[in-house]
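# Structure at a glance
Chain residues, written in single-letter form:
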Amino acid sequence: MKYLEEHEKKMKIAFTSLDKNSDGKIEASEILNSLKALGINISADHAEKILKSMDVDGTLTVDWNEWRDHFLFNPADNIQEIIRYWKHSTVLDIGDSLTIPDEFTEEEKKTGQWWRQLLAGGMAGAVSRTGTAPLDRLKVMMQVHGTKGNSNMLAGLKQMVKEGGVRSLWRGNGVNVIKIAPETAMKFWAYEQYKKLFTSESGKLGTAERFVAGSLAGATAQTSIYPMEVMKTRLAVGKTGQYNGMFDCAKKILKKEGVRAFYKGYIPNILGIIPYAGIDLAIYETLKNAWLQKYATDSANPGVLVLLGCGTVSSTCGQLASYPLALIRT
């Protein structure tokens, strides 16, 4: 009884805040205006659709009884579920870790779920990077040698095997895997700090703020691990026997070219984060909203294939925009 009384009180407050003209009924225009005030723009048809889901007697208005009955049996608390399903950067790891970092709820932070998810993401990233390392090395070789080398993928892989054996296909992968942990930790920490800076007075973080905070977090993380990025590229391009592992590579670069060499290509790399993160986030949000509006009738859970599809499309578009800068960097 106590729960129902409390719940009803909350519902009454929500009902009266929506009922702007105080006629005891909620109309589509009132839903439209209330959502607009929250920064959510929907069409009149969409507002009517929302109304019809609660309207029992077909009057195209919702009175207190209809409102109460609807929300008493359908508690509107699945926002966290939607967030959990649609976690963005847990979807893909393509080696260039430029995506906007994950956001964790207060509950996840308290229970320690956040570090488990980061750890799982890091381990998954290590496996996926190792699996795609030969293609990653081939990409770097093609970027560096251009038309001088062979532009045929198969011929390129054969050439690498001929030059240094099968193991050479994974040259530079060790550094690529090692840098996952510091980069993820730095990006997560920086993102939390930037979010605090950009959060508005209402405590909400909009898409634009998330983009700026995410881009800055990516830039901070990239700055901290950039020497490892340089070593990975040098190892991938190097001939057999040129470098005897990661530390030997670092020693030789330092001896021959000095400390500044570890930040060569830094500017195009940092500039590449902005188009990548912006386009990736914008397309992902658009696809997510389109799916939720069209198909989320029974559940907000899109399933793995939909998430993978959205992640792949948004990530590919981000890559296309930032790739010329990645090429210049390499």
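The model shown is predicted, which means the values in this text are computed figures rather than measured ones.

The rules behind each value
- Counting of residues starts from 1 at the beginning of each chain's written sequence and follows it residue by residue.
- It should be noted that, the model being predicted, local features are given only for residues of pLDDT at least 70 and side-chain atom pairs only at 80 or more, the latter also being counted only at that level, while totals for whole chains, interfaces and linings use all residues.
- Remark: hydrogens and water are excluded; side-chain values derive from all non-hydrogen atoms of the structure.
- Where helices and strands are cited, they refer to DSSP runs of H or I of at least four residues and of E of at least two residues respectively, numbered from the N terminus.
- Buried, partly exposed and exposed residues are distinguished by accessible area as a fraction of the type maximum, computed with a 1.4 Å probe on protein chains only: under 20%, between the cut-offs, and over 50%, respectively.
- Here a residue-residue contact requires only that any non-hydrogen atoms of the pair lie within 4.5 Å.
- Under the convention used here, a 1.4 Å probe and the Shrake-Rupley method define accessible areas, while residue burial counts only the protein chains that appear.
- By nonpolar core we mean a set of buried residues, namely Ala, Val, Leu, Ile, Met, Phe, Trp, Tyr and Cys, connected to one another through side-chain atoms within 4.5 Å.
- UniProt positions are given in the numbering used here, feature names are shortened, and annotations may be inferred rather than shown by experiment.
- The way it works is a 1 Å grid over only the protein atoms, where trapped points that fit a 1.4 Å probe form a cavity and open points with protein on both sides within 12 Å along at least five of seven lines form a pocket, and then any residue with an atom within 4 Å of a point lines it.
- Grid points are joined across faces, edges and corners, and a volume is the space filled by probe spheres set on the points.
- Under the scheme applied here, ten amino acids are nonpolar (Ala, Val, Leu, Ile, Met, Phe, Trp, Tyr, Cys and Pro), four are charged (Asp, Glu, Lys and Arg), and all others, including Gly, are polar.
- Pairing of aromatic rings covers Phe, Tyr and Trp, the last counted by its six-membered ring, and requires centre-to-centre distances within 6.5 Å; plane angles under 30 degrees mean stacked, over 60 mean edge-to-face, and any other angle means tilted.
- Note on geometry: a ring has a charge over it if NZ (lysine) or CZ (arginine) is within 6 Å of the ring centre and within 35 degrees of the ring normal.
- We define a polar contact as two N or O atoms separated by no more than 3.5 Å, with the added condition that, inside protein, one atom must be a possible hydrogen donor and the other a possible acceptor, whereas residues neighbouring each other in sequence contribute only through side-chain atom pairs.
- Residue-level confidence of the predictor is summarised by pLDDT, bounded by 0 at the bottom and 100 at the top.
- To get an axis, fit a line to the C-alpha atoms, keeping to the stretch in contact for a helix; angles then go from 0 to 180 degrees between the N-to-C directions.
- Roughly parallel means an angle under 35 degrees; roughly antiparallel, over 145; roughly perpendicular, 65 to 115; everything else is oblique.

## Section: the overall build of the protein
In terms of regular secondary structure, the protein is built from 14 helices and two strands. Looking at the 330 residues of the protein, the share that counts as buried comes to 37%. For the protein, the proportion of contacts with a sequence separation of at least 24, taken over those separated by at least 6, is 67%. As displayed, the protein has an accessible area near 19,300 Å², and 62% of this comes from carbon and sulfur atoms.

## Section: the nonpolar core
Counting residues in hydrophobic clusters, the biggest one holds 14 residues, and the most contacted among them are Ile 26, Leu 51, Val 62 and Trp 67. The set of elements that each furnish at least two residues to this core consists of helix 1 (2-18), helix 2 (28-37), helix 3 (44-54) and helix 4 (64-73). For Ile 26, the contacting residues outside a window of four places in its chain are Phe 15, Leu 18, Asp 19, Ile 31, Leu 51, Thr 61, Val 62 and Trp 67. Ranked by size, the runner-up nonpolar core spans eleven residues in total, among them Val 175, Ile 225, Ile 253 and Ala 261.

## Remarks on the UniProt feature "domain: EF-hand" (unreviewed entry) in the protein
The UniProt record annotates "domain: EF-hand" (unreviewed entry) at residues 6-41 and 42-77. For residues 6-41, helix accounts for 64% and strand for 6%, while the C-alpha atoms at its two ends are 31 Å apart.

## Quick word on empty space enclosed by the protein
Per the stated rule, a full pass over the model turns up two cavities of 30 Å³ or more. Of the voids in this model, the second largest cavity is the one considered here, and its volume is about 60 Å³. What lines the second largest cavity is Ala 133, Asp 136, Arg 137, Val 140, Leu 169, Trp 170, Arg 171, Gly 172, Asn 173, Asn 176, Lys 232 and Ala 236. Residue assignment for the lining of the second largest cavity shows that the elements contributing at least two residues are helix 7 (113-145), helix 9 (173-178) and helix 11 (207-237). Here the lining of the second largest cavity takes four residues from helix 7, the largest share from any one element. Taken together, the residues that form the lining of the second largest cavity break down as five nonpolar, three polar and four charged.

## Some thoughts on the packing of aromatic side chains
For the coordinates displayed, the defined rule picks out seven aromatic pairs. On the numbers, 5.6 Å between centres and 80° between planes, the contact of Tyr 226 with Tyr 266 is edge-to-face. A residue pair is termed long-range when its members are at least 10 positions apart, and Tyr 226 in helix 11 and Tyr 266 in helix 13 (residues 266-295) qualify at 40 residues. On the accessibility criterion, Tyr 226 (2% relative accessible area) is buried. We classify Tyr 266 as partly exposed; its relative accessible area is 23%. Positioned above the aromatic ring of Trp 64 is the side chain of Lys 12, whose terminal nitrogen or guanidinium carbon lies 4.5 Å from the ring centre.

## Description of the environment of Thr 286
Relative to the helices and strands, Thr 286 resides in helix 13. Here the alpha-carbon distance between Thr 286 and Ser 314, two residues 28 residues apart in the chain, equals 9.5 Å. Among the polar contacts listed, one links the side chain of Thr 286 to the backbone oxygen of Ala 282, at a separation of 2.7 Å.

## Focus on the confidence of the model for the protein
Detailed reading of the predicted coordinates is not advisable wherever pLDDT is low. For the protein, the mean per-residue pLDDT works out to 84, and 89% of the residues sit at or above 70. By mean pLDDT, the top-scoring element of the protein is helix 12 (residues 246-257) (94), and the lowest-scoring one is helix 5 (residues 79-85) (64).

## Points about the packing of helix 7 against helix 11
Helix-helix packing: each pair is described by the crossing angle between the helix axes and the interaxial distance. For the pair helix 7 and helix 11, the least separation of the axes is 9 Å and the interaxial angle reads 80°. Looking at the two axes, helix 7 sits roughly perpendicular to helix 11. Across from Asp 136, Arg 137, Val 140, Met 141, Val 144 and His 145 in helix 7, the residues of helix 11 making contact are Lys 232, Thr 233, Ala 236 and Val 237. For the contact of helix 7 with helix 11, a count of residues per class yields five nonpolar, two polar and three charged.

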